[in-house]
Amino acid sequence: MPHSSGISEPLRATNGAAATVAPEAVPHPWALELQGVSKVYRRSDGGPLQTLRDLRLVVAEGEFVSVVGPSGCGKSTMLNLIAGRDAPTEGDIRIFGQASRATPGLVAHMPQRDLLLPWRNTLDNVILGPELRGVSRAAARRQALAYFHRFGLEGFERVYPNALSGGMRQRAALLRTILTERDVLLLDEPFGALDALTRSEMQAWLLSIWREFGKTVLFVTHDVEEAVFLSDRVYVLSRRPGTVKLELSIDLARPRAREVVASDRFVQAKRTLLQALLNESQGDGRPHTGIDAG
Ligand SMILES: Nc1ncnc2c1ncn2[C@@H]1O[C@H](COP(=O)(O)OP(=O)(O)OP(=O)(O)O)[C@@H](O)[C@H]1O
Ligand SMILES: [Mg+2]
């Protein structure tokens, strides 16, 4: 069952245990832990491009955590590093206490573009994970078909991606991610291209899927309201090189109905995040007044 967790208790468990107990006996390592992570790319002129700097971030098992930050601050880079598609220049990434590169089977990554294969129909797109694990195509199709109704894709099994709506494409990409059967989902702006109504429906649906499947989620978005509505905690990253500027716990009961967006707590959380983001985009770090964040 997903839960909202403050960060102090697991931190104590990990840090306290480290001094006295063998690592394998640590009771509750973070599902995901980034410590001091930096990434430096090469520019086309050969110079360094520091994208992430000393990034520290944790996600507890079953938690829903979002990351917001200015465009280009390194959010997708961070997910690529966690997914093991690329290596950090410095720092440590752990998944359930193990070095991430040693545990490629624990995270499922839904990249910023849905990357559905245009030459495969919806059914054959969503079974890529099981197929890569060696499950026969027939068995993988049977397993996947059981989810089509729940994912709003019933009747579209044989349709090709170019004939799906934006929301359907995202649900298909998410079903493909879920069917990889990993415990930690990395979702990179999955609803970025959708209109407001579809987006709001998809958010409610994603929360129900998260509850049902009991996954740990790290969710990247540009949309502060989306982050507050979905999350147990939200991190705000700075401009590039991205580092954590603010971490905010979202103290709203679950399950959450859409009406929660009008509550004082919701509005306050949104305002706090927007202020942190605005400070970043204006770049001077000083508080700004007169911003209507409600
Ligand atoms: N493989 C790469 N090689 C060189 N530079 C890269 C590479 N990947 C990303 N970058 C650079 O790193 C910076 C951060 O990119 P990234 O895609 O992580 O940002 P982002 O926060 O996800 O942005 P957005 O919100 O627009 O999706 C950008 O300046 C980008 O050009
Ligand atoms: Mg990105």
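One can find the structure itself at the top, above this paragraph.
Figured I'd write up the structure that's included with this text. Every value quoted in this text rests on a predicted model; they were computed, and no experiment measured them. (Residues numbered from 1 in each chain as written. Chains lettered and ligands numbered in written order. Predicted model: local features only at pLDDT ≥ 70, side-chain atom pairs only at ≥ 80, totals over all residues.)

### Remarks on the overall build of the chain
Working step 1: Each helix and strand counted, the chain has nine helices and 10 strands in total.
Working step 2: Looking at the 294 residues of the chain, the share that counts as buried comes to 37%. (Helix = DSSP H or I, 4+ residues; strand = E, 2+ residues; numbered from the N terminus. Buried ≥ 20, exposed ≤ 12 C-beta atoms within 10 Å, placed from the backbone.)

### Quick word on the nonpolar core
Working step 1: Among the nonpolar cores identified, the biggest contains 68 residues, and Leu-32, Ile-82, Leu-186, Val-228 and Leu-273 are the most heavily contacted of them.
Working step 2: No other element matches the six residues that helix H6 (residues 166–179) contributes to this core.
Working step 3: Taken together, domain 1 (8–106 + 182–282) and domain 2 (116–178) each give at least three residues to this core, which thus spans both.
Working step 4: The contact partners of Val-228, leaving out residues within four places of it in the chain, are Val-234, Ile-250, Phe-266, Ala-269, Lys-270 and Leu-273. (Core = buried A, V, L, I, M, F, W, Y, C linked by C-beta atoms within 7 Å. Domains from an automatic or database assignment. Contact = placed C-beta atoms within 7 Å.)

### A few points about the site of ligand 1
Working step 1: Surrounding ligand 1, one finds 13 residues, the nearest of these being Tyr-41, Ser-71, Lys-75, Ser-76 and Thr-77.
Working step 2: If you list the elements that add at least two residues to the shell around ligand 1, you get strand E2 (48–59) and helix H2 (75–82).
Working step 3: In terms of residue count, the dominant contributor to the shell around ligand 1 is H2 (three residues). (Near = placed C-beta within 6 Å.)

### What about the sheet that holds strand E6 (residues 107–110)?
Whether parallel or antiparallel, the strands of a sheet pair through hydrogen bonds between backbone atoms.
Working step 1: One open sheet accounts for six strands, arranged E6-E7-E8-E3-E9-E10; its pairing is mixed. Across the chains shown, the open sheet's two edge strands, defined by having one partner strand only, are E6 and strand E10 (244–249). Strand-to-strand twist of the sheet, defined as the mean angle between neighbouring strand axes without regard to direction, takes the value 15°. (Pairing = 2+ DSSP bridges. Axes fitted to C-alpha atoms, helices over the stretch in contact; angles between N-to-C directions.)

### Regarding the pairing of strand E9 (residues 233–237)
Working step 1: Buried residues dominate E9, accounting for five of its five residues.
Working step 2: Alternating residues of E9 divide into Arg-233, Tyr-235 and Leu-237 and Val-234 and Val-236, and every residue in both groups is buried.
Working step 3: Where strand E3 (residues 64–68) and E9 come together, four bridges link them in parallel fashion. By the bridge assignment for E9, Val-67 is matched with Tyr-235.
Working step 4: Note that E9 and E10 share five bridges and pair antiparallel. Bridge pairing links Tyr-235 to Glu-247 in E10.

### A short note on the environment of Ala-60
Working step 1: Of note, Ala-60 is situated in the loop between E2 and E3.
Working step 2: Judged by C-beta crowding, with 24 C-beta atoms within 10 Å, Ala-60 ranks as buried.
Working step 3: Once the C-alpha coordinates of Ala-60 and Phe-96 are considered, the two residues, 36 residues apart in sequence, prove to be 9.1 Å apart.

### Focus on the sheet that holds strand E4 (residues 90–95)
Working step 1: Spatially, E2-E1-E4-E5 is the arrangement adopted by the four strands of the open sheet, whose pairing is antiparallel. Unpaired on one side and paired on the other, E2 and strand E5 (98–99) mark the two borders of the sheet.
Working step 2: Across two bridges, E4 lies against E5 in antiparallel orientation. Directly across from Arg-94, in E5, lies its bridge partner Ala-99.

### Comments concerning helix H9 (residues 264–282)
Working step 1: Spanning 19 residues, H9 covers 26 Å between terminal C-alpha atoms, matching the ideal 27 Å at 1.5 Å per step.
Working step 2: Buried within H9 we find Phe-266, Ala-269, Lys-270, Leu-273, Ala-276, Leu-277, Asn-279 and Glu-280.
Working step 3: The elements touched by buried residues of H9 are E3, helix H8 (224–230), E9 and E10. (Expected span 1.5 Å × (residues − 1).)

### Observations concerning H2
Working step 1: With six of its eight residues buried, H2 lies for the most part within the structure.
Working step 2: Those residues of H2 that fall on the buried side of the exposure criterion are Lys-75, Thr-77, Met-78, Leu-79, Leu-81 and Ile-82.
Working step 3: Looking one or two residues past H2, Gly-84 carries a phi angle of roughly 80°, positive in sign.

### What to know about the pairing of E4
Working step 1: The sheet contact formed by strand E1 (residues 32–42) and E4 spans five bridges and is antiparallel. Note on E4: the bridge partner recorded for Leu-34 is Ile-93.
Working step 2: The loop that links E4 with its antiparallel partner E5 comprises two residues; one of these, Phe-96, has a positive phi angle of about 45°.

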